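# Structure at a glance
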Amino acid sequence: MSYPVKITITGSSDLGNGAPSAEDFIGQISDFLEVLKGVERAIDANGETQIVWRVTNAHMNSPLLMELTPFSKNPAVFIGDRIAQVENAAYSGIRAIEAGEFKPKYFNEETAKRARAIHTRVTNGLSRTTIKFDSSVSSSQLSIDRTTASKVEAAYKSKPVAIPYREIGSIEGFVAKAELDGYGRAVLRFRSRLTGEEIKAIASGSAFRQVGTMKLSEVWEGVRIRVYGTISYRDVGKIDGMQATGIEVLDQLKLPTVDEIIDENFTRGLRSEDFLAAIRND
């Protein structure tokens, strides 16, 4: 059974007797939905979503309250664990932003931007936004008032200026798409295993031929890989792109066979009970 997430939006008492503007109300709901969807895409290896959020109730008396309930896109598939993971990550991520962290786990730049926008509106037009998770995060609640929102805004305004840099290294992820860009260069798009964000790698050398091979079949989609080359960062820990020189396919599904596990000489010719008895005596 899925429980709704309840969002309560209160406007400023100085403007319209506490009623939020249509722009602020729609903006809060829209940005929160994008946070949920962004987190789910980051969690999923292929960057896909299985959850559809439906409006199941609404109270129009001030403050306005809306209930969003998660459902599976495929009614035959149970996604209770995924819903819990997404809600937990969204709750923890917003809490982390309020604590001064600019890029929480499962939050890419766009998701963090949406979370910040939810706080920004509370400093300009709204007086409070409350988000209550009824089940999967132990009935936890986010209460964003002007004090909390102002701290988030102050943290972003004092954020150090980004310093781009490059380094040689590798990134693990999952293939999203192989293509040619407008300049005829081979491009591999893949999702980082750690952050879930999509990374654009321009291939050169042997990697150019490998990307060409990937284009021949959709079998590559979702395959786990390690990409080597020069990584460009727009700020500390924020990847802007990559110049790939090599690609390694990581076969995460290959398990050892029974023949590889069994050692016929493990007991040195003794019966199993005699072998265990010898170990106990030693």
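Residues numbered from 1 in each chain as written. Predicted model: local features only at pLDDT ≥ 70, side-chain atom pairs only at ≥ 80, totals over all residues. Heavy atoms only, no water.

### Thoughts on helix α4 (residues 146-157)
The terminal C-alpha atoms of α4, which comprises twelve residues, lie 16 Å apart, in line with the 16 Å expected from a rise of 1.5 Å per residue. Within α4, the full set of buried residues consists of Ala149, Val152, Glu153 and Tyr156. Projected onto a plane normal to the axis of α4, the buried residues spread over an arc of 95 degrees and lie on a single side. Residues of α4 that are exposed and point over 90 degrees away from its buried face: Thr147 and Lys151. (Helix = DSSP H or I, 4+ residues; strand = E, 2+ residues; numbered from the N terminus. Expected span 1.5 Å × (residues − 1). Buried < 20%, exposed > 50% of the residue type's maximum accessible area, 1.4 Å probe, protein only. Arc of directions from axis to C-beta.)

### Observations concerning the sheet that holds strand β10 (residues 238-249)
The mixed closed barrel is built from five strands, whose spatial order is β6-β7-β8-β10-β9. Neighbour to neighbour, the strand axes of the sheet diverge by 50 degrees on average, direction disregarded. Bridge analysis of strand β9 (residues 224-235) against β10 gives ten bridges, and the strand direction is antiparallel. By the bridge assignment, isoleucine 225 is partnered in β10 with valine 249. (Pairing = 2+ DSSP bridges. Axes fitted to C-alpha atoms, helices over the stretch in contact; angles between N-to-C directions.)

### Brief notes about the sheet that holds strand β4 (residues 126-133)
Taken together, five strands build an open sheet; the order of strands is β2-β3-β1-β4-β5 and the sheet is antiparallel. A single partner strand is all that each edge strand has here, and the edge strands are β2 (51-59) and β5 (141-145). Taken pair by pair, the neighbouring strands of this sheet meet at an average axis angle of 15 degrees, ignoring direction. In the sheet, strand β1 (residues 5-11) pairs with strand β3 (residues 64-72) via five bridges, with the strands oriented antiparallel. Within the sheet, the bridge partner assigned to threonine 8 lies in β3 and is leucine 65. Sheet strands in contact with helix α1 (residues 22-43) are β1, β2, β3 and β4, and its direction is about 145 degrees off that of β1. Against the sheet, helix α2 (residues 80-98) contacts β1, β2, β3, β4 and β5, and its axis sits at roughly 30 degrees relative to β5. (Contact = heavy atoms within 4.5 Å.)

### Considering the pattern of salt bridges
On inspection of all chains with the given rule, the structure shows 19 salt bridges. In this structure, the salt-bridge partner of arginine 82 is aspartate 44, at a minimum N-O distance of 2.6 Å. You can see arginine 82 sitting in helix α2 and its partner aspartate 44 sitting in the loop between α1 and β2, a full 38 residues away along the chain. The shortest N-O distance in the salt bridge between arginine 226 and glutamate 248 comes to 3.0 Å. (Salt bridge = Lys/Arg side-chain N within 4 Å of Asp/Glu carboxyl O.)

### Side note on the packing of α1 against helix α3 (residues 109-123)
At a minimum axis distance of 8 Å, the contact between α1 and α3 shows a crossing angle of 155 degrees. Compared by their axis directions, α1 and α3 come out roughly antiparallel. Relative to α3, the crossing made by α1 is left-handed. Of the residues in α3, those touching α1 at Asp24, Gly27, Gln28, Ser30, Asp31, Phe32, Glu34, Val35, Gly38 and Val39 are Thr111, Arg114, Ala115, Ala117, Ile118, Arg121 and Val122. Its residues assigned to classes, the contact of α1 with α3 shows seven nonpolar, five polar and five charged. (Parallel < 35°, antiparallel > 145°, perpendicular 65-115°, else oblique. Left-handed = near helix turned anticlockwise from the far one by under 90°. Nonpolar A, V, L, I, M, F, W, Y, C, P; charged D, E, K, R; others polar.)

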